[in-house]
Amino acid sequence: MSFDCTTDGQSHGLQSLVHVNRREFVWEMGAGFTGLALTGMLSRDGFFSKTGYAAETPSINPLTAKASHSFGRAKSVIFLMMNGAPSQVDTFDHKPLLEKMSGQPLPEGKKFTNSGGRKVGFLTPSFRPFRPGGESGLMISDFFENVRKHADKLAVIRSCHTDSHAHGSALVAMNTGKTFIGRPSLGSWAVYGLGTENESLPGYVVILDKRGGPISGQPNWSSGFMPSSYQGTLFRPVGDPILDLRGPGYLDRSAQRAQLDLLAKLNADHMAARPGGSDLASRINTYELAYRMQAEAPEAVDLSQETKATQDLYGIGRHPTDEFGRNCLVARRLVERGVRFVQLYSGGGHLEETWDAHKSIETNHGQHAGEVDLPIAGLLTDLERRGLLDETLVVWGGEFGRMPFSEGKGEPGRNHNPYGFSMWMAGGGAKGGTSYGETDEFGFEAIKDKVHLHDLHATILHLMGLNHERLTYFHQGRDERLTDVFGNVVEGILA
Amino acid sequence: MSVRSAMWIVCLLVIAVPVTFANADSTDPFSRDVAPILVKRCLECHNERDASAKLILSDKSAALKGGESGPAVVARDPGKSLLIEKVRSGEMPPPKRGHSQKLSPAEITTLQNWVSAGAHWPDGRKLDLYEATTDVRGGRDWWSLQPVRRPVVPSLDITAPSKSPVDAFIQTRLNELGMQPAPVASRATLIRRLYLDLIGLPPSYEEIREFESEPAPDAYERLVDRLLASPHFGERQGRLWLDLVRYADTCGYERDQEKPHAWKYRDWVIAAFNSDLPWSQFIIEQLAGDELPDRTESSVIATGLLRLGTWNDEPNDADEYKYERLEDMVHVTSTAFLGLTVKCARCHDHKFDPIPQTDYYRMAAAFWAGAIEPRGRELLGGPTRDELGFDVMGWTDIRQPPPLHLLRKGEHKHPLGVVEPGHLTLVPAIDRPLEPAPLGAKSTHRRRQLAEWIALPENPLTPRVLVNRLWMNHFGSGLVRSADNFGFTGDKPTHPELLDWLAAEVSRREDSTHSGPVGTATTHKSAMKSLHRLLVTSFTYQQASLHPQQDLYSAQDAGNRFWWRAERRRLDSESLRDRMLIVGNDLDTRMTGPGFKPTIQPEALEGLSRKEGAWKPSPSGEQRRRGVYMFSQRSLLPPLMTTFDFVDTTLPCVQRPVSTVAPQALALLNNSFAHERSAALAERVQREVAESLTKTTDLLDYQIRRAWQISLGRDPSNSEIEAARSHVRQQTARFQKTLQTPASQVTRLPETGKVLHLAADSGVQTDSEGRVESWNDQSGQSHHASQTVAAHRPLLVKNAISGQPTLRLDGQKRFLKVSGQVVTSSAFAVFAVVNDQSTTNQHREIFSNWNGGAGNSGTSLFLGMTGADSVRLSDDFSGVGKVMRRSEPFLLAGFNGSTGLSIQQNGTDLAAKSQTLSPRNLKTDYVIGQQGNIDGEYWHGDIAELVVYDRELKETERQAVTQYLAEKYRLPRQVQQPPRTAIQLALTSLCHVLMNTNEFVYLD
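The structure displayed is predicted, hence computed values, not measured ones.

A few points about the overall build of chain B
Then, in step 1: When its secondary structure is counted, chain B shows 31 helices and 21 strands.
Then, in step 2: A buried classification covers 54% of the 1004 residues belonging to chain B.
Then, in step 3: Long-range pairs, those at least 24 residues apart, make up 67% of the contacts in chain B with a sequence separation of at least 6.

Written as structure tokens, this is what we have:
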């Protein structure tokens, strides 16, 4: 269904689920200065023909699939959020100079905020060796020895930088573009722009680490000022994945069917006396949809349908890869079923339960990379062999990076670093075997082809076929954007 | 026509509309032709403060002088005038978002001709970006900034059904359009509408019937007066205000601390609406209640408005964060009272409204003297109790504020000139300089003057914004649809004269002399309530939501902008929840006090970074209070509420979006709250019918009738009775099968498949110290338990639990080994009567077959606890649920089988899912009181009895075992037992369906 069609007041029918304010249609308009103020003008007295009024409140499902801005290959995104911030110089940003200058202080003149007022130690080389991977020879450390085998699929951005050195604000920023809470998250924008391909499942799914949710919680997957239908749905990777899928035991499926049949009759009588009640029809329809979700949502996480070989690929059933492996496999099953945006958290709760390696990179990253390296490699293999990689964008990264220096003599941990860090993308139109941008010779700050998180967001939207400047939501007199007034698409990583 | 093509027509129309300048009819060709182009297309970047390329085009000499590149205008020589060159080439104005902004040929010609003719620019004529509205931005002549003038009420012909001035305006417009209003709604509809609209609660069936048969001509008006006088009025209207001022009980962000006493502000708001506080006082107390000479605890509580925003105790940059907080305060103040987007001017002159950047800082300066600077975390961004004078959440000045600088692009690192405190300049007639604080004053009096300026009777925005919001709340949409934006990008009023007439009524009805603070005796006129009354007693309000010409009129005016019918509305989350409670007679109408915390499913708590103790639900009685008293925790808003569009608490929200999505249906179908309410309704129906009925024939019909009356406020039709009867009969038959044997009749344990039964009251052998050497299995399967090492033996304690003995494990490596393979199949049931004395949050197990290297959490079978009070079952449930009163004896039971995996405490589900455990390695050794031979995770507490079945138990069998053990150990029942008989369940099923109907959820 094309977008034009969905905005047409004539096209709605019984399948319609929601009334949508006209302000939501404005994102598609690419007009010049008039576009900015267009929404307000829509309704000015005297400017509207009567048919204009009539078309004002078409009733459509906000999650109905919509056409993109006619470019971009990624139908879905799997965002692998390394909560707590992995160290770039120990993973994807090779800095041989750190070997030579090991034990020396960071040269003076490099200004930084010392987050949390921790001890500032000495330059420390990577805790595990880097080796080239694939044809491209991308340098990746042994923390990600399995991902390294997929080097030719990765577009590594080594010049990321962000606006905050504090976990809470930086994570909210990575998810919503701003360091303060209250804005719609990236997944909300994606679902707002593109809808979902499968209405029996949420369009935007978040799977947390069992150890806990991220700092600041809900605002990380909030839809902010947009309707809550665009917010992320927490998905549990085992059992009943979403809330309220089952009632009490005595109400089995047949008993519930009897309820729904009676409900349909009562609602039909009610609506018959209220002609033109598209809101009523929409709500009637949600019950059939809910009935289907009760079956389809658990099916989506039923990994027993997968072969042993596939489960092995993801490291399922083995320590320490079982949990993240399951999550990755569930993510694949979700995008296969048309879910638009899936975010998986590695690391939950606080401190060492996340990638926040203040005490020891080797211990912390050894644990967390050990949990995710094989599953991520398995995910990339599986997506590719199923022909899904081309239309699925996989994004890997944390909320910021870590310092190239330790937290003191004999202290093998690293402090927060928002000035330079690495993220990578694979599939979905990202150029494999590429590195983009550079940090300085210490891996301390981005210096070449710097990529701010707004640029990351612009690029992810672009790969999904959405123009970040045109994807706007009219809120309180302003056409709001994920990237505010910033953001440039990182052309260098586009395939 | 599609929306899209309609939009394009609008664009074209907008562009074609001539710019109307205040002095456009002047004969001066500069002002008539040239100034509009310069103002509209050039001045945004070339003004005195923001002179791009150092070029200023707002006055003559500056334009002639030009900027960095040379003179912009050379009289009589367009070829040498850079202005002409740049606009002709299209270089200026620069493209926006990749779209050319080149002037039209006509505009270029106008400029060219003007230069050629000598570039006449009247002396002293200064151009101002906001001097007049153009088609790209609003000026000071924007409609909402003009004085409120009380228009003459149109006279209607005598056939009009009402004498209300409201109707005169509405009907006149309808008449002009050749449209007729809808007929008046039925009395039953009207009373429902009034109740839910004014007090947020439904009327009872009896109240509806009484109103329907009330003969008095003024019955409607008397009903309105009764509801306006109800204390529930303030609860309903107050909640709408709380949305607008971003109310929540916590700070948000990582620690999401509770804001102590936030609820006092909520109570203040409710009381303010109930006591009909004059609007001017409502404004002044909330912005400056601390600066009043007769300040009281109540007026200081009102300043809590300024404390309600999110607060980050760990901002990225503490200096920058001060300005974020200023923005929050400017934003809430300007949105709530003025309907303006002032915050847009933090970084630059407002793009669309006459709010220069300096105005933002003039207004922000009002808050600059408060607790903006970083201070101790425990103060949560506010003043101390001493500074405030009361133990409340409020705001006050705590310092002589330093100068406030205008910030380039709003960035704190780029301060420009100092801005003196002042008012917005968009209504010059009421602009006036701020006065210094009176001698000896403790505060700057800036907020007080800001509040008084907002409350000025001459302020055109305040009363317009107010009456528009009242209209919106009662009618479903505002006369100005964008109720939070009266600026250029907002909507214009559908009925500007009506809006102004209502706005004029505000000051006419409001007593100019202020009364005392909220809660004290008041003498003022009942102004605000009389405005509500004015609106809801209009005929326009009383129309039916259906119109005989529905299709035709919908085609003409789908948005109902001309008010030819009433709007059908869906109940908001609180009204729906309240209604579900009230039909079961469960609603607790207590007012005031700290908010209650509803029970939230354990699965929904997983989003929290700190799970331990993060959410303690209130006692169930508390939870039956109205939704307005629900605790709002920013990091964890209750899913049941957010699913139904509960407000996002971070930004002011003037009107909640209404979405209709499948998770709402899932919640009402499956959430335990819906089932508890259905059961309560069914019980009420049964009880009331039993009390009123003397004969028992047709009992079901009476019950059905009563269920309809209570839930929907009406009698069912014959076909509805028939359908309901058939539903109840079918469901009864179905449930009879499910509940073949009522649990209450079974006091014996089922024997089939019982593979382990250890009870501390028999078969226990102790050593000389009274420690347990062996514990004999009574199941007949010889899975005896034993401990050969004395140091590892648990103690046998007599008379420990309701007279029964128990095995006591102290967490010091006490455990027992079980002989043989206890469980052999993937379906099982494990029951354990225990208590938990653990003082750590570590894993601790009751029963396990974990086998070190050979097994792990993914393949072994175990039941235990973790964290402070959550349970684990083979890690498919890991740290879920919430064990109540764990230090007292309880029954913990885990089940696996065709219906899925579940875990219960005292017969109540702690967690459940529809899938079964993945295959287990069941062959390794079984132990009691630790994880296995890994030597760890020791139980610390009592284990009195353990029963294991090697098969799936039916629901009735589970209940039987639960009942047996509950009686033996006198275990508490945590929740009210669900109805037990099939007919009760079937009636509950019917009530549940009724609560799911559109009729229950929508208001005609």
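With respect to the environment of A:Gln104
Residue and element names in this part refer to chain A.
Then, in step 1: Positionally, Gln-104 belongs in the loop between helix H5 (97-100) and strand S2 (130-133).
Then, in step 2: Overall, Gln-104 belongs to the exposed group, with 11 C-beta atoms counted inside 10 Å.
Then, in step 3: Separated by 20 residues in sequence, Gln-104 and Thr-124 have C-alpha atoms that sit 8.3 Å apart.
Then, in step 4: In this structure, Gln-104 is in contact with Phe-122 and Leu-123, ignoring residues within four places of it in sequence.

As for the confidence of the model for chain B
All names here are of chain B.
Then, in step 1: The pLDDT averaged across chain B works out to 89; a share of 92% of its residues lies at or above 70.
Then, in step 2: Long-range and interchain partners of residues 1-25, a stretch whose pLDDT sits below 50, account for 52 contacts in this model, where long-range means more than four residues apart.
Then, in step 3: Long-range and interchain partners of residues 512-517, a stretch whose pLDDT sits below 50, account for 13 contacts in this model, where long-range means more than four residues apart.
Then, in step 4: Model confidence for the complex: the whole-complex pTM is 0.78, and ipTM, which rates the interface, is 0.77.

Describing the sheet that holds strand S5 (residues 764-766) of chain B
Residues and elements named next belong to chain B.
Then, in step 1: Spatial ordering of the open sheet is given by S5-S6-S7-S10-S19-S12-S13-S14-S15, a layout of 9 strands whose pairing is antiparallel. Taken across any chain shown, the strands that pair with only one partner, and hence form the sheet edges, are S5 and strand S15 (877-880).
Then, in step 2: Examined bridge by bridge, strand S14 (residues 870-873) and S15 share 3 bridges and lie antiparallel to one another. Bridge assignment links Arg-872 to a residue of S15, and that residue is Ser-878.

Overview of the environment of A:Pro132
Residue and element names in this part refer to chain A.
Then, in step 1: Tracing the backbone shows Pro-132 in strand S2.
Then, in step 2: Judged by local crowding, Pro-132 falls into the partly exposed class, with 13 C-beta atoms found within 10 Å.
Then, in step 3: For Pro-132 and Ala-151, which are 19 residues apart along the polypeptide, the C-alpha to C-alpha distance reads 8.4 Å.
Then, in step 4: In this structure Pro-132 touches Gly-137, Leu-138 and Met-139, once residues within four positions along its chain are discounted.

A look at the confidence of the model for chain A
Caution applies to low-pLDDT regions: their predicted coordinates should not be interpreted in detail.
Then, in step 1: On average, residues of chain A score 85 in pLDDT, and 87% of them reach the 70 mark or higher.
Then, in step 2: Of the regions scoring below 50 in pLDDT, residues 1-60 of chain A engages in 146 contacts with residues more than four places distant in sequence or in other chains.

Focus on the nonpolar core
Then, in step 1: Judged by nonpolar contacts, the single largest core of 299 residues is most densely connected at A:Val77, A:Leu80, A:Ile157, A:Val394, A:Val395, A:Trp424 and B:Ala364.
Then, in step 2: If one sorts the elements of this core by residue count, helix H30 (residues 982-996) of chain B sits on top with 10 residues.
Then, in step 3: Those residues in contact with A:Ile157, other than ones at most four positions away along the chain, are A:Ser422, A:Met423, A:Trp424, A:Tyr436, A:Gly437, A:Val451, A:Val490 and A:Ile493.

Digging into unusual backbone geometry
Then, in step 1: Here the amide bond leading from A:His319 into A:Pro320 is cis, since omega sits at 0 degrees, within 30 degrees of zero.
Then, in step 2: With respect to the helices, strands and loops of the structure, A:Pro320 is situated in the loop between helix H11 (308-313) and helix H12 (322-336).
Then, in step 3: One non-glycine residue, B:Lys409, lies in the positive phi region at around 50 degrees.
Then, in step 4: Judged by C-beta crowding, with 11 C-beta atoms within 10 Å, B:Lys409 ranks as exposed.

Re helix H13 (residues 361-385) of chain A
Then, in step 1: Helix length check: H13(A) (25 residues) gives 34 Å between terminal C-alpha atoms against 36 Å at 1.5 Å per residue, within 8%.
Then, in step 2: In the structure, H13(A) departs most strongly from a straight axis at A:Ala369, where the bend amounts to approximately 35 degrees.

Here's the deal with the packing of helix H6 (residues 165-177) of chain B against helix H19 (residues 496-509) of chain B
The description of two helices packed together rests on the angle between their axes and the distance between the axes.
Residues and elements named next belong to chain B.
Then, in step 1: The N-to-C vectors of H6 and H19 enclose an angle of 170 degrees; their axes lie 9 Å apart at closest approach. Comparing their axes, H19 and H6 come out roughly antiparallel. Contacts from Pro-165, Val-166, Phe-169 and Ile-170 in H6 reach Glu-497, Leu-498 and Trp-501 in H19.
Then, in step 2: Among the residues making up the contact of H6 with H19, the classes are represented as 6 nonpolar, no polar and 1 charged.

A short note on helix H28 (residues 718-738) of chain B
Then, in step 1: Compared with an ideal rise of 1.5 Å per residue, which puts 21 residues at 30 Å, H28(B) spans 30 Å between its outermost C-alpha atoms and is within 8% of the ideal.
Then, in step 2: Of all the positions in H28(B), only B:Glu720, B:Ala723, B:Ala724, B:His727, B:Val728, B:Gln731, B:Arg734 and B:Phe735 are classed as buried. For H28(B), the buried positions fall inside an angular range of 135 degrees around the axis, keeping them on one side. Across from the buried face of H28(B), at angles greater than 90 degrees, the exposed residues are B:Asn718, B:Ala733 and B:Lys737.
Then, in step 3: Turning to H28(B), the residues buried within the fold contact helix H9 (253-272) of chain A together with helix H27 (699-712) and H30 of chain B.

Describing the environment of A:Leu471
Residue and element names in this part refer to chain A.
Then, in step 1: Locating Leu-471 in the fold gives a position in the loop between helix H14 (453-463) and strand S16 (473-475).
Then, in step 2: Under the C-beta neighbour-count criterion, Leu-471 is labelled buried, with 24 such atoms within 10 Å.
Then, in step 3: Separated by 222 residues in sequence, Leu-471 and Gly-249 place their C-alpha atoms 45 Å apart.

Criteria and thresholds
- Each chain has its residues counted from 1, running along the sequence as written.
- Whichever chain is written first becomes A and whichever ligand is written first becomes 1, with later ones labelled in order.
- Selection of residues for local features in this predicted model requires a pLDDT of at least 70, selection of side-chain atom pairs for listing and counting requires 80 or more, and totals for whole chains, interfaces and linings are taken over all residues.
- A run of DSSP states H or I qualifies as a helix once it reaches four residues; a run of E qualifies as a strand once it reaches two. Both are numbered from the N-terminal end.
- With C-beta atoms placed from the backbone, a residue is buried if 20 or more other C-beta atoms are within 10 Å of its own, exposed if 12 or fewer are, and partly exposed between those counts.
- In this description, any two residues whose backbone-derived C-beta atoms lie within 7 Å of each other are considered to be in contact.
- Per-residue confidence from the predictor is reported as pLDDT, which spans 0 to 100.
- Only strands that DSSP links by at least two bridges are regarded as paired with each other.
- Put simply, a nonpolar core is a cluster of buried Ala, Val, Leu, Ile, Met, Phe, Trp, Tyr and Cys residues tied together by C-beta atoms within 7 Å.
- A helix is expected to span 1.5 Å multiplied by its residue count minus one.
- A residue's bend is the angle separating two fitted axes: one through the seven residues that end there, the other through the seven that start there.
- Comment: axis = line fitted to C-alpha atoms, over the contacting stretch for helices; angle = value between 0 and 180 degrees taken between N-to-C directions.
- Here roughly perpendicular refers to angles of 65 to 115 degrees, roughly parallel to angles under 35, roughly antiparallel to angles over 145, and oblique to all remaining angles.
- Only Asp, Glu, Lys and Arg are considered charged in this grouping, and only Ala, Val, Leu, Ile, Met, Phe, Trp, Tyr, Cys and Pro are considered nonpolar; every other residue, Gly among them, is considered polar.
- Directions pointing from the helix axis toward each C-beta atom define the arc.

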